[in-house]
Amino acid sequence: MDAEVSLRDVSDTALVAAVVRARESARRRPLFRDPYAEALAGERGKRLATGMQLRIISSGVIARTAVYDELITRLVRDEGIGCVLNLGAGLDTRPYRLDLPPDLRWVEADLPGILDHKERVLAGARPRCALTRTRLDLSDPIARRKLLDELEPDRPTLVVCEGLIAYLTEEDVTGLARDLAERPQLRWWALDMIGPLFVQVAKKIAGRRMERADATLRFVPAEGAEFFRPLGWEPCDVRSSWVERRRLRREPPLMRLIWTFSPPRTREFFRQQGMFVLLRRGEEA
């Protein structure tokens, strides 16, 4: 990747994810349809999303998008969720493309630049629910708590952190978990996690570019999803990214070969390198 298309900041990763969603949407039988992804990615996204980098991450982004679509739809339908709080919303377009009730409140929070770009591109589109956006740095605890305090206390809320947690420090994640646990209406929390092998691969492919863009992968707790239990959150649905790719038939050929010829112990190691996690508020939170 040359200097012209180097990562400027962590928000550029959202452009690459949008390219992946656009290409999945163009398949004959896509797992989801995102009619806005191509426009949101733009020419810069297309230049960023090339070569080995895209091939390695694309199947994970596709699986993550499909799994989160499933989880969000189910929780809104079956658990009486009245609000979805999308922290680090990036270029997600679920308020426009999912079958959601019109009285559902959807709150997006992210950095000003990414949300400004999103609003310009989607100016002519109409969300299917009550959508609002808040511009803030989620690592700023004062701004974060102000946002949380503005949520309606009588609306059961699902918090979504898609593609966000890995870029935060352990201190930031701990603070966020405690802030969320202090507010009873926040009942569910969906997030994704990575393992050490994923970090090694990312460093080998784009380590220097990620560091220059302050997009370093930081949060890789040894205990996995159990990290959140002492902070008031119980893991209730933990899925391996690799296994979900197999289930959804989006597993790259190399991953299929590794899985086929690896012993159970090696499979288990790879199974832990990426996880889609649904947390439920603990009884004592």
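On a predicted model such as this, the values are computed, not experimentally measured, just so you know.

> Would you mind going over the overall build of the protein chain with me for this structure?
Of regular secondary structure, the protein chain possesses eleven helices and seven strands. Counting the 285 residues in the protein chain, one finds 55% classified as buried. The long-range fraction of contacts in the protein chain, counting pairs at least 24 apart against all pairs at least 6 apart in sequence, stands at 79%.

> Is there a simple way to explain the sheet that holds strand E4 (residues 157–161) in this structure?
Adjacent strands of a sheet pair through backbone hydrogen bonds, lying either parallel or antiparallel. Read from one edge of the open sheet, seven strands run E3-E2-E1-E4-E5-E7-E6, paired in mixed fashion. Looking at the sheet topology across the chains shown, the edges are occupied by strand E3 (130–135) and strand E6 (233–240). Strand after strand, the sheet turns through a mean of 20° between neighbouring axes, direction not considered. Note: strand E2 (residues 105–110) against E3, six bridges, orientation parallel. The residue bridging Asp110 from the neighbouring strand is Arg135, located in E3. With respect to the sheet, helix H5 (residues 112–121) is in contact with E2 and E3, its orientation differing from that of E3 by roughly 145°. Of the strands in this sheet, strand E1 (83–87), E4, strand E5 (186–194), E6 and strand E7 (274–281) are in contact with helix H7 (residues 170–181), which crosses E5 at around 160°.

> Explain the packing of aromatic side chains to me, please; I cannot follow it from the model alone.
Two numbers describe a pair of aromatic rings. These are the distance of the centres and the angle of the planes. Inspection of the entire model under this criterion finds ten aromatic pairs. With 6.4 Å between their ring centres and 90° between their planes, Tyr68 and Phe276 make a pair best called edge-to-face. Linking Tyr68 in helix H3 (residues 51–78) with Phe276 in strand E7, this pair joins segments that are 208 residues apart in sequence. On the numbers, 5.9 Å between centres and 40° between planes, the contact of Trp242 with Trp259 is tilted. Within this pair, whereas Trp242 is found in helix H9 (residues 241–247), its partner Trp259 is found in helix H10 (residues 253–261), the two being separated by 17 residues in sequence. The same class applies to Trp242 and to Trp259, which are both buried.

> Looking at this structure, how should I read the nonpolar core?
Across soluble globular proteins, nonpolar side chains have a tendency to be buried as a group. Formed by 42 residues in total, the largest nonpolar core has its most connected members in Ile81, Val84, Leu104, Trp106 and Leu158. For this core, the secondary-structure elements that each account for two or more residues are helix H1 (12–25), helix H2 (37–48), H3, H5, E4, E5 and E7. At ten residues, the largest contribution of residues to this core is made by H3. Non-local contacts of Leu158, meaning those with residues more than four positions away in its chain, are made with Ile72, Leu75, Ile81, Cys83, Val84, Leu85, Trp188, Trp189, Ala190 and Leu278.

> Where do I start with the confidence of the model for the protein chain in this structure?
Interpretation of the predicted coordinates at a detailed level should be avoided for regions scoring low in pLDDT. For the protein chain, the mean per-residue pLDDT works out to 88, and 86% of the residues sit at or above 70. Every residue in residues 1–7 scores below 50 in pLDDT, and together they form 19 contacts with partners more than four places removed in sequence or on other chains. Below pLDDT 50 for its whole length, residues 210–214 participates in twelve contacts with residues either more than four positions away or in separate chains.

> Would you take a moment to explain the packing of helix H6 (residues 141–149) against H7 for this structure?
The angle between the axes and the distance between the axes are what describe a pair of packed helices. Contact pair H6 / H7: the axes reach a minimum separation of 11 Å and the direction vectors enclose 20°. Taken together, the axes of H6 and H7 are roughly parallel relative to one another. The two elements H6 and H7 meet at a crossing, and its hand is right-handed. Contact residues: H6 offers Arg144, Arg145 and Leu148, while H7 offers Asp172, Gly175, Leu176, Asp179 and Leu180. Considered class by class, the residues forming the contact of H6 with H7 number three nonpolar, one polar and four charged.

Conventions used here
Residues numbered from 1 in each chain as written. Predicted model: local features only at pLDDT ≥ 70, side-chain atom pairs only at ≥ 80, totals over all residues. Heavy atoms only, no water. Helix = DSSP H or I, 4+ residues; strand = E, 2+ residues; numbered from the N terminus. Buried < 20%, exposed > 50% of the residue type's maximum accessible area, 1.4 Å probe, protein only. Contact = heavy atoms within 4.5 Å. Pairing = 2+ DSSP bridges. Axes fitted to C-alpha atoms, helices over the stretch in contact; angles between N-to-C directions. Phe/Tyr/Trp six-rings, centres within 6.5 Å; stacked < 30°, edge-to-face > 60°. Core = buried A, V, L, I, M, F, W, Y, C linked by side-chain atoms within 4.5 Å. pLDDT = per-residue confidence, 0-100. Parallel < 35°, antiparallel > 145°, perpendicular 65-115°, else oblique. Left-handed = near helix turned anticlockwise from the far one by under 90°. Nonpolar A, V, L, I, M, F, W, Y, C, P; charged D, E, K, R; others polar.

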